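Listed below, chain by chain, are the residues.
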Amino acid sequence: MSYLTVEKKANIFKEFGGSEKNTGSVEAQIALVTERINSISAHLKQNKKDFSTHRGLMKMVGQRKRLLSYLAKTNLSGYRALIEKLGIRK
């Protein structure tokens, strides 16, 4: 399982939040949670009986859903651009 290194986090915040220091931006938080979800999903494909990790994954998906609904209410064009960039919705 590849963990998020400091460099990966800084790169995500720089790409989605505008700068490396802007860790509170909703877009950057959604991108970070999405990266963690993708990492844990890959782990669970190999370890199907890891139920505690599955529960953590479901909590992260719920957190991302709440952040996305907030972003959709406050900035619809930013929401659409972000889901297109991350490839979340099919």
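As annotated in an unreviewed UniProt entry, the protein chain is Small ribosomal subunit protein uS15 from Chitinophaga chungangae. Quoted verbatim from the Sequence similarities (unreviewed entry) field of UniProt, the annotation for the protein chain is "Belongs to the universal ribosomal protein uS15 family." Per UniProt, the protein chain carries the Subunit (unreviewed entry) text "Part of the 30S ribosomal subunit. Forms a bridge to the 50S subunit in the 70S ribosome, contacting the 23S rRNA."

Focus: the nonpolar core
In terms of nonpolar packing, the biggest core is built from 15 residues, with Ile 30, Leu 68, Leu 71 and Leu 82 touching the most fellow members. At the level of elements, helix 1 (6-17), helix 2 (26-46), helix 3 (51-74) and helix 4 (76-86) are the ones that each hand at least two residues to this core. Counting residues per element, this core draws most heavily on helix 2, at 5 residues. Residues within four places of Leu 82 in sequence aside, it is in contact with Phe 16, Glu 27, Ile 30, Leu 68 and Leu 71. If you look at the next biggest cluster of nonpolar residues, it comprises 6 residues, including Val 33, Leu 44, Leu 57 and Met 60.

Notes on the side chain of Arg 64
Within the fold, Arg 64 resides in helix 3. No salt bridge is formed by the buried Arg 64; its nearest oppositely charged neighbour, Glu 35, is found at 9.6 Å. Beyond its immediate stretch of four places on either side in the chain, Arg 64 contacts Ile 30, Val 33, Thr 34, Ile 37 and Ile 88.

What about helix 2?
Along its 21 residues, helix 2 runs 31 Å from first to last C-alpha, staying within 8% of the 30 Å computed at 1.5 Å per residue. Along helix 2, the residues classified as buried are Val 26, Ala 28, Ile 30, Ala 31, Leu 32, Val 33, Thr 34, Ile 37, Ser 39, Ile 40, His 43 and Leu 44. On its buried face, helix 2 sits against helix 1, helix 3 and helix 4.

Describing the confidence of the model for the protein chain
Residues at a pLDDT of 70 or more form 97% of the protein chain, whose mean pLDDT is 93. The secondary structure element of the protein chain with the lowest average pLDDT is helix 1, at 92, and the one with the highest is helix 3, at 97.

Section: the packing of helix 3 against helix 4
Viewed as axis vectors pointing N to C, helix 3 and helix 4 meet at an angle of 135°, and their least axial separation amounts to 5 Å. By the angle between their directions, the pair helix 3 and helix 4 is classed as oblique. Across the interface between the two elements, Leu 68, Leu 71, Ala 72 and Thr 74 from helix 3 touch Leu 76, Gly 78, Tyr 79, Leu 82 and Ile 83 from helix 4. Partitioning the contact of helix 3 with helix 4 into residue classes produces 7 nonpolar, 2 polar and no charged.

Thresholds applied
- Residues numbered from 1 in each chain as written.
- Predicted model: local features only at pLDDT ≥ 70, side-chain atom pairs only at ≥ 80, totals over all residues.
- Heavy atoms only, no water.
- UniProt positions renumbered as here; feature names shortened; annotations may be inferred.
- Core = buried A, V, L, I, M, F, W, Y, C linked by side-chain atoms within 4.5 Å.
- Buried < 20%, exposed > 50% of the residue type's maximum accessible area, 1.4 Å probe, protein only.
- Helix = DSSP H or I, 4+ residues; strand = E, 2+ residues; numbered from the N terminus.
- Contact = heavy atoms within 4.5 Å.
- Lys, Arg positive; Asp, Glu negative; His and termini not counted.
- Salt bridge = Lys/Arg side-chain N within 4 Å of Asp/Glu carboxyl O.
- Expected span 1.5 Å × (residues − 1).
- pLDDT = per-residue confidence, 0-100.
- Axes fitted to C-alpha atoms, helices over the stretch in contact; angles between N-to-C directions.
- Parallel < 35°, antiparallel > 145°, perpendicular 65-115°, else oblique.
- Nonpolar A, V, L, I, M, F, W, Y, C, P; charged D, E, K, R; others polar.

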